[in-house]
Structure formats: C-alpha cells, structure tokens
Amino acid sequence: MRGNWTKRLLWLVILATGLGAAGLIAVDVMLTTPPITRTTLETMPMGKPQMLTTLMPDEPDTICLVPPHEKRVPQDARDAAAINGYLISRTYGGDATHWALVVMIGNRFALTRFERSEKLDIAWGDDVSGLNLPEGFAPKICAEGHAAALLKTGEAGKARVVFGAVQ
C-alpha cells in the first residue's frame, strides 16, 4: 500500500511540474509575441484607427515601426536605444519586401515582420502626406503603447497601413 501512495505522489509531482512549465512557456509566448498578424491587418476596418492595446494581453511601453529598407529606428525616437539594441541582438536587417513592428514591454521585446504586397502595404514618411487621415491620428515611427494605433486606408484590394498614435 505504501508503495502505491509514493508512486501516486511522484506522478502527481511530475504532472504538476510539467503543467507548471507549460504554463510558464504559454505566459512567456503571450508576453513576447504580439497577436498582430497579417489577418489582423486584413480584417481591420478602413479609415478607423485600431488601438494596439486592444490586441495585446499587456499594455506595451513603446511600439515602433521599422519601415522597409530600414534596420533600426531613428536615434531620437522614443526608447530608440533599447529598441535598436534589441534589433541588433536579433540581427534584424531591413529589406524592400518587409516591414516590422517592435513591441517593448518593460525589458521584453517582440518583433513581428509583415510582407508587403500590392493588396496590403505599409505607408510611411512622404507616402503618408497625401492620405486622408482621421482627426486625432498622427503618423509616427514610435509611439507610447497606450496611444499606438494602426490605420488602414485606401480601398479593398489595394489598402495601405499607417502606424501612428491617437492623440
């Protein structure tokens, strides 16, 4: 009888340890990987800013856009040293066919890359000046997490996404 109790206790400890480790892994993934996907971008409504805090389990401190061709954010951007340090550690290299969002929550980071296409592309810099943006939305390279937003503009089949902040 005594042996059965010991075995049961041992199995319970193994099971609890395994579930605990799996739980920690799941929490880590949720904190480091923002749930912003291509599908998120495709299903956003046109002309209405989508607050990024509504897509994440924790409020980020800073979110930055890394446009195509760029490897880093400008040195004068919010939290640029930390963001750029993270991009360097990931050996992130910008190219013509991708853009990215970097999310900073405390001392943790997440990087999500998006492929450009004719159907859905990013608008930044001079490309934004000709777009009709809603009042209160300002294009930015980096924004405070609570104010960061994405805006989809254009028309179905040829939309552009603008990263910025709602003021």
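Residues numbered from 1 in each chain as written. Predicted model: local features only at pLDDT ≥ 70, side-chain atom pairs only at ≥ 80, totals over all residues. Heavy atoms only, no water.

Engineer: Before we move on, could you go through the side chain of Lys-152 and cite the residues and values that matter?
Structural biologist: On the secondary structure map, Lys-152 appears in strand E8 (residues 148–155). In terms of polar contacts, Lys-152 uses its side chain to reach the backbone carbonyl oxygen of Leu-41, at 3.3 Å. What Lys-152 contacts, discounting residues up to four positions off in sequence, is Leu-41, Glu-42, Thr-43, Met-44, Pro-45, Met-46, Gly-47, Leu-120, Ala-159, Arg-160 and Val-161. (Helix = DSSP H or I, 4+ residues; strand = E, 2+ residues; numbered from the N terminus. Polar contact = N/O pair within 3.5 Å; in protein donor to acceptor, adjacent residues only side chain to side chain. Contact = heavy atoms within 4.5 Å.)

Engineer: Account for the environment of His-69, with residues named and values stated.
Structural biologist: Structurally, His-69 can be placed in the loop between strand E2 (62–66) and helix H3 (80–89). Looking at His-69, the relative accessible area reads 54%, which means it is exposed. In this structure the C-alpha to C-alpha distance between His-69 and Ala-96, which are 27 residues apart in sequence, comes to 5.2 Å. Excluding anything up to four places from it in sequence, His-69 contacts Gly-94, Asp-95 and Ala-96. (Buried < 20%, exposed > 50% of the residue type's maximum accessible area, 1.4 Å probe, protein only.)

Engineer: Can you tell me about the pattern of salt bridges, naming the residues and giving the values?
Structural biologist: Opposite charge on two side chains permits them to pair, given that their charged atoms come into close proximity. Under the defined criterion, the tally for this structure stands at 6 salt bridges. With its nearest N and O atoms 3.4 Å apart, the salt bridge here joins Glu-42 to Arg-38. Taken together, the residues Glu-42 and Arg-38, both in helix H2 (residues 38–43) and 4 residues apart, mark about one turn of the helix. Here Lys-158 makes a salt bridge to Glu-118, at a shortest N to O gap of 2.8 Å. Here Lys-158, found in strand E9 (residues 158–166), pairs with Glu-118, found in the loop between strand E4 (108–115) and strand E5 (120–123); they are 40 residues apart in sequence, far enough to count as distant. Looking at Lys-158, the relative accessible area reads 46%, which means it is partly exposed. (Salt bridge = Lys/Arg side-chain N within 4 Å of Asp/Glu carboxyl O.)

Engineer: Which residues make up the pairing of E9, and what values go with them?
Structural biologist: If a strand is regular, its side chains alternate between the two faces of the sheet. By the bridge criterion, 4 bridges tie E5 to E9 in an arrangement that is parallel. Residue Leu-120 lies in a different strand from E9, and its bridge partner there is Ala-159. Bridge count between strand E6 (residues 137–139) and E9: 3 bridges; the pairing is antiparallel. Residue pairing across strands places Phe-137 opposite Val-166, the latter belonging to E9. (Pairing = 2+ DSSP bridges.)

Engineer: For H3, give the residues involved together with the corresponding values.
Structural biologist: Of the positions making up H3, those classed as buried are Ala-80, Ile-83, Asn-84, Tyr-86 and Leu-87. All buried residues of H3 project into a common sector of 155 degrees when viewed along the axis, lining one side. Opposite the buried face of H3, at more than 90 degrees from it, the exposed residues are Ala-81, Ile-88 and Ser-89. Summarising the contacts, the buried residues of H3 are in contact with E2, strand E3 (98–105) and E4. Directly after H3, the chain includes Thr-91, whose backbone phi takes a positive value near 50 degrees. (Arc of directions from axis to C-beta.)

Engineer: Lay out the sheet that holds E4 with the relevant residues and their values.
Structural biologist: Strand order across the open sheet formed by 4 strands is E4-E3-E2-E7, with antiparallel pairing between neighbours. Two strands bound the open sheet, and with one partner strand each, they are E4 and strand E7 (142–144). Taken over all neighbouring pairs, the strand axes of this sheet differ in orientation by 15 degrees on average, direction set aside. Bridging between E2 and E3 involves 5 bridges; their strand directions are antiparallel. Note that in E3 the partner of Val-66 across the bridge is Ala-100. Along the sheet, H3 contacts E2, E3 and E4; its crossing angle with E4, the most-contacted strand, is approximately 65 degrees. (Axes fitted to C-alpha atoms, helices over the stretch in contact; angles between N-to-C directions.)

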